[in-house]
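Take a look at the letters that make up each chain.
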Amino acid sequence: MKNHLPLLGAGPAYVVVVTAATIAAVILKCTNVIRYGNVQEFKIWFYIGGSLLILLGILLWGLANFQCRISENIKRNKLVTTGIYAHVRNPILSGHLLADTGLLLFACNLFLLMLPLVYWLYMTMLLRATEEKWLAALYGEEYLRYCRKVNRCIPWF
């Protein structure tokens, strides 16, 4: 292992897969390949919920990248546990999860709402197999204490 984590880590694998799955699901729904589960009578609520989730996702992503300057801290080999990282361990990936869930809400289809659970499971398995092992090896007990206090992907204020 290098003297610091990879700048990109497992993140791009997660973002590419989840975003591609979201786009494919919406296209399949819009082209009527997915015909069941539509709930057009609640369209306004799905749009409002989708918009809020997209905005929250962008906020999490922005706080991690710009307020906490995560890339700079990785290069300096510093474990970030302040700012948004005091509330969620993976705000960048959580932001993508929320934004993709918001996009799925715009499709107004109940079946597509199973995808966020799949996305969460994928994130959990990917992070446990990669970044969490790397961080535990690099930071030891400090990281393990942090994990006990802060949720992996759902912000807890």
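Residues numbered from 1 in each chain as written. Predicted model: local features only at pLDDT ≥ 70, side-chain atom pairs only at ≥ 80, totals over all residues. Heavy atoms only, no water.

Let us look at the nonpolar core. Counting 16 residues, the largest nonpolar core has Ile84, Tyr85 and Tyr143 as the members making the most contacts within it. Looking at this core, the elements with two or more residues in it are α2 (43–67), α3 (70–75), α6 (131–139) and α7 (141–149). With residues up to four places along the chain from it excluded, the contact list for Tyr85 reads Ala64, Cys68, Ile70, Val80, Pro91, Ile92, Tyr146 and Val150. Of all hydrophobic cores here, the second largest spans 14 residues; its members include Tyr14, Leu97, Ala107 and Met123. (Core = buried A, V, L, I, M, F, W, Y, C linked by side-chain atoms within 4.5 Å. Buried < 20%, exposed > 50% of the residue type's maximum accessible area, 1.4 Å probe, protein only. Helix = DSSP H or I, 4+ residues; strand = E, 2+ residues; numbered from the N terminus. Contact = heavy atoms within 4.5 Å.)

Despite not being glycine, Asn32 shows a phi value in the positive range, around 65 degrees. Relative to the elements of secondary structure, Asn32 occurs in the loop between α1 (11–30) and α2. Despite not being glycine, Cys108 has its phi angle at roughly 55 degrees, a positive value. Within the secondary structure, Cys108 is located in the loop between α4 (91–105) and α5 (115–129). Given the relative accessible area of 1%, Cys108 is considered buried.

A word on the packing of aromatic side chains. Inspection of every chain in the model, using the stated rule, returns four aromatic pairs. Both rings, one in Trp61 and one in Phe66, keep their centres 5.6 Å apart while their planes meet at 80 degrees; by these two values the pair is edge-to-face. Residue classification places Phe66 among the exposed positions, given a relative accessible area of 57%. (Phe/Tyr/Trp six-rings, centres within 6.5 Å; stacked < 30°, edge-to-face > 60°.)

This brings us to α6. Buried within α6 are the following residues: Glu131, Glu132, Leu135 and Tyr139. For α6, the angular spread of buried residues about the axis comes to 95 degrees, placing them on one side. The outward face of α6, more than 90 degrees from its buried face, is lined by the exposed residues Lys133 and Ala137. At its buried positions, α6 is contacted by α1, α5 and α7. Phi for Gly140, located one or two positions after α6, is positive at around 60 degrees. (Arc of directions from axis to C-beta.)

This part takes up the packing of α1 against α5. Interaxial distance between α1 and α5 falls to 11 Å at its minimum, and their mutual angle equals 165 degrees. On the basis of the axis angle, α1 is roughly antiparallel to α5. Judged by the twist between their axes, the crossing of α1 over α5 is right-handed. Here Ala13, Tyr14, Val17, Val18, Ala21, Thr22 and Ala25 of α1 lie close against α5, whose contacting residues are Leu115, Tyr119, Tyr122, Met123 and Leu126. (Axes fitted to C-alpha atoms, helices over the stretch in contact; angles between N-to-C directions. Parallel < 35°, antiparallel > 145°, perpendicular 65-115°, else oblique. Left-handed = near helix turned anticlockwise from the far one by under 90°.)

To continue, consider the environment of Arg69. The residue Arg69 is located in the loop between α2 and α3 in this model. For Arg69, a relative accessible area of 47% translates into the label partly exposed. Along the backbone, Arg69 and Val15 are 54 residues apart, and their C-alpha atoms lie at a distance of 19 Å.

Right, let's get into the packing of α6 against α7. Two elements in contact, α6 and α7, have axes separated by 6 Å at closest approach and are oriented at 130 degrees. What the angle tells us is that α6 and α7 run oblique. Between α6 and α7, the residues in contact are Glu132, Leu135, Ala136 and Tyr139 and Glu141, Glu142, Tyr143 and Leu144, respectively. Along the lines of polarity and charge, the residues of the contact of α6 with α7 split into five nonpolar, no polar and three charged. (Nonpolar A, V, L, I, M, F, W, Y, C, P; charged D, E, K, R; others polar.)

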